[in-house]
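# Commentary on secondary and tertiary structure
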Amino acid sequence: MTTTTKDHAELADIFNKDEERVDWHDETLWWIRAKRDKSVHQLPEWEALREAASNIKFNVLSNLDTYLTAFEAAAKANGITVHWAADAQEHNQIVHGLLTENKVTQMVKSKSMLTEECHLNDYLATHGIEVIDSDLGERIVQLAGEAPSHIVLPCIHKKKEEIGDLFHMYLGTPSNMSDPQFLTETARGSLRETFLTRKVALTGVNFAVAETGEFVVCTNEGNADMGAHLADVHIACMGIEKLIPKREHLGVFLRLLTRSATGQPITTYSSHFSKPRAGQQMHLVLVDNGRSVQLGRKDFRNSLKCIRCGACMNTCPVYRRSGGHSYHTAVAGPIGSILAPNLDMKKYADLPFASTLCGSCSNVCPVKIDIHDQLYKWRQVLVKEGYAPTGKKIAMQVMAATLASPTLYHAAGKMGRATIKYAPFAVNNKLNPWYKQRDMPESPKESFGEWYGKNRSKK
Amino acid sequence: MSSRDTILAAVASNKPEAMPIPDIEPFKHIGYDDVLAQYETVLTAIGGAVHRVSNWDEIKTIVKEKYDSQHVRVLSLVPELDEVATSAYEINPAAHQLADVELAVIKAHFGVAENGSVWVTEELLGHRAVPFICQHLAAVITADNMVDTMHRAYMRIADTQYGWGAFIAGPSKTADIEQSLVLGAHGPRSMTVFVLDQQN
Ligand code: SF4
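Let me begin by describing the structure that accompanies this report. (Residues numbered from 1 in each chain as written. Chains lettered and ligands numbered in written order. Predicted model: local features only at pLDDT ≥ 70, side-chain atom pairs only at ≥ 80, totals over all residues. Heavy atoms only, no water.)

### Quick notes on the site of the ligand
Residues and elements named next belong to chain A. In the vicinity of the ligand lie 13 residues, with C306, C309, G310, C312 and C365 positioned nearest. Of the pockets mapped on this structure, the ligand occupies the largest cavity. Of the residues contributing to the shell around the ligand, the split by class is 11 nonpolar, 1 polar and 1 charged. (Near = heavy atom within 4 Å. 1 Å grid on protein atoms, 1.4 Å probe; cavity = no way out; pocket = protein on both sides within 12 Å on 5 of 7 lines; lining within 4 Å. Sits in = over half its atoms within 2 Å of the grid points. Nonpolar A, V, L, I, M, F, W, Y, C, P; charged D, E, K, R; others polar.)

### What about empty space enclosed by the protein?
Residues and elements named next belong to chain A. Taken as a whole, this structure holds 4 cavities of 30 Å³ or more when the rule is applied. The volume enclosed by the largest cavity comes to roughly 90 Å³. Forming the walls of the largest cavity are 15 residues, and the residues nearest its centre are C306, C309, C312, C365 and P366. Tallying contributions element by element places helix α14 (residues 311-315) first for the lining of the largest cavity, with 3 residues. Each residue belonging to the lining of the largest cavity can be placed in one class, and the counts come to 13 nonpolar, 1 polar and 1 charged. Considered as a void within the structure, the second largest cavity measures approximately 50 Å³ in volume. (Points joined across faces, edges and corners; volume = space filled by probe spheres on them. Helix = DSSP H or I, 4+ residues; strand = E, 2+ residues; numbered from the N terminus.)

### Re the packing of helix α3 (residues 46-62) of chain A against helix α12 (residues 249-261) of chain A
All names here are of chain A. Across the interface, α3 lies against α12 with an axial gap of 10 Å and an inter-helix angle of 120°. Between α3 and α12, the interaxial angle falls into the category oblique. The chirality of how α3 crosses α12 is left-handed. From α3, W46, L49, R50, A53, I56 and K57 reach across to α12, where they touch H249, V252, F253, R255, L256, R259 and S260. Of the residues belonging to the contact of α3 with α12, the class tally is 7 nonpolar, 2 polar and 4 charged. (Axes fitted to C-alpha atoms, helices over the stretch in contact; angles between N-to-C directions. Parallel < 35°, antiparallel > 145°, perpendicular 65-115°, else oblique. Left-handed = near helix turned anticlockwise from the far one by under 90°. Contact = heavy atoms within 4.5 Å.)

### What about the nonpolar core?
Counting residues in each nonpolar core, the largest one holds 155 residues, and the members touching the most others are F215 of chain A together with V118 and F167 of chain B. If you look at the next biggest cluster of nonpolar residues, it comprises 22 residues, including L98, L114, Y123 and I129 of chain A. (Core = buried A, V, L, I, M, F, W, Y, C linked by side-chain atoms within 4.5 Å. Buried < 20%, exposed > 50% of the residue type's maximum accessible area, 1.4 Å probe, protein only.)

### Describing the side chain of H91 of chain A
In this fold, H91 of chain A is placed in helix α5 (residues 88-101). Setting aside residues no more than four positions away along its own chain, H91 of chain A makes contact with A85, T115, C118, L120, C237, V285 and V287 of chain A.

### Focus on the interface of chain A and chain B
Each partner contributes residues to the interface: chain A has 91 residues there, and chain B has 70 residues. Summing the contributions of chain A and of chain B, the shared interface buries around 6700 Å²; its carbon and sulfur component is 60%. Sorting the residues of chain A by area buried against chain B places R188, R247 and Y269 of chain A first, and these three jointly supply 11% of that buried surface. Seen at the junction of chain A and chain B, the total is 7 salt bridges. For the pair chain A and chain B, the interface holds 38 residue pairs in polar contact (both at pLDDT 80 or more). Its residues assigned to classes, the side of chain A that touches chain B shows 42 nonpolar, 26 polar and 23 charged. Pairing of strand β9 (residues 269-273) of chain A with strand β8 (residues 164-168) of chain B, which is carried by 5 bridges, proceeds in the antiparallel orientation. Paired with S270 of chain A across the bridge in β8 of chain B is F167 of chain B. (Buried area = accessible area lost by both parts, 1.4 Å probe. Salt bridge = Lys/Arg side-chain N within 4 Å of Asp/Glu carboxyl O. Polar contact = N/O pair within 3.5 Å; in protein donor to acceptor, adjacent residues only side chain to side chain. Pairing = 2+ DSSP bridges.)

### What to know about the sheet that holds strand β3 (residues 101-107) of chain B
Residue and element names in this part refer to chain B. Spatially, β1-β11-β6-β3-β2 is the arrangement adopted by the 5 strands of the open sheet, whose pairing is parallel. Single-partner strands in this sheet number two, and they are β1 (49-53) and β2 (73-76). Sheet twist, expressed as the average angle between the axes of neighbouring strands with direction ignored, equals 15°. Pairing geometry for β1 and strand β11 (residues 190-196), over 5 bridges, is parallel. Considered in β11, the bridge of H51 is made with F194. Packing of helix α2 (residues 35-45) onto the sheet brings it into contact with β1 and β11, and relative to β1 it is tilted by some 150°.

### Quick word on the environment of R21 of chain A
Residues and elements named next belong to chain A. Tracing the chain through its elements places R21 in helix α2 (residues 19-40). Expressed as a C-alpha distance, the spacing of R21 and M107, which sit 86 residues apart in the sequence, is 34 Å. Those residues in contact with R21, other than ones at most four positions away along the chain, are F15, H157, K158, K159 and E162. Of the polar contacts made by the side chain of R21, one reaches the backbone oxygen of H157; its length is 2.7 Å.

In structure tokens:
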């Protein structure tokens, strides 16, 4: 895992060097977005469902303390051991403690963005514990020594030839194999061995039900279940915002989640864990790590409604063309850019600026988070607190001054049009950040202002 | 103060003012004209197979055609299908003894037409790992046990008790390698649902 001090723009530059890959990344994600649309349009009640989900989450946020206590009591009554972690450090210590107690040095894990957020794998590695990620995409990025670049599709940035090379290097496949069927089969064989020999399995949590004390884990591969059902100890880690009031509300969220994520009607497995199986230990870790602070930020608390479907990333024109790693945070894309500055304003000050504010993210969000408005609000907070990235600051000041003065605005427009017309090389060059990855538009012969002036005077 | 109390206190002081739980009753009335046809279409589209059958013998014939229980391990948790299974099933085996199961046939409580899933709970399985560790999975439901949507599914489940339960919709799958769909990621490579016409 690389720690980095580069900001989004610099990291995007690296990704943008390979233009073909950028196009391919862009098209792949757009294809998934299109699948989402198709699936969504089959439900006439879609908008009503979004509204309901959003309001259920409002209710959750406004009662979060009581739901947490109710959930804890019900889960305990079910035989689940409940732990509380104030931050990433405490979360990692709790998990490590459970591993030590059970005298194991190896663990199998299924996808959990929370453990990415807490850098659990790195932490355990420094304590001599080997973690194997069992979601195929996560396993691939793990072998590559990278972090996931997308919350639902962790290795969406990798080509099958690269995956073939990784498997050749680490799993002993012949070289130059790139057939997905073959590669998946190889991973299946190797991970099956892992599932059959690990005593401790860790999973994430998609939803936890305050009323019943159960939690739900959704996967297509069945890896969370393979891990949890074959291990003697199941550790499940969740952010405190994952609660919902009642079991019946799962109906609303399970209908929205996968249709938004990949266009599927439901994940292959929606597993409801209520009690440990006979002879098994089940632990649940409730993690805050900045969530209670975000809850107190009126403008940003809505981001806690997120159900991690990834739709906002798939539709985001910036994400699609800059890649998940350019966000240098566990949750990339539009929602990640709202969550990250809550944890560290300085480190993530660049992220709310990595957006066109086109609003597409807010339009697809199944729980109706006002994502693009929040990004805009973060910009204001960051500028006020003095954290805005320098380049963006100057450009914004110029823009603000220009837009504030009609004379300057017209002059700037005229100059821009003249430049594009008579000296296109001056615009289409590497010094103009807007030219990166874009062909500049042909300039209109006259501005709207000029056109309006002329046509108005004709009357 | 313990982390528990610190977190709860922070949440309590930062939470917004109370908002009511919305009414989700209207969703419970959404339905399909032909639930069975809808179920069949959806499960087929997501990589599963549906057989509508009118008695147990038909199921046995289909299973026998594909799985020779003399040579591969066929686990049946449905007494009516004992005949096509390899040997009597030991309840609560060590999960690792299930590693060589080729086909597992289980009963399910009901199917959900909108997404092709079946709802199962652990007492139908003997062990929670059964529907994941087998190479192929088959489930039996009766035609009258079909609900329209997830809302109705949770009406059926309501406040029933289970240690573990799952909606299972089709074979295990992944599209992690350049978005090419591959069936059989860790769990079963195929899933067949037998829909029994009447309760025999
Ligand atoms: S913010 Fe909305 S669209 Fe984005 S991942 Fe979360 S729920 Fe999905």
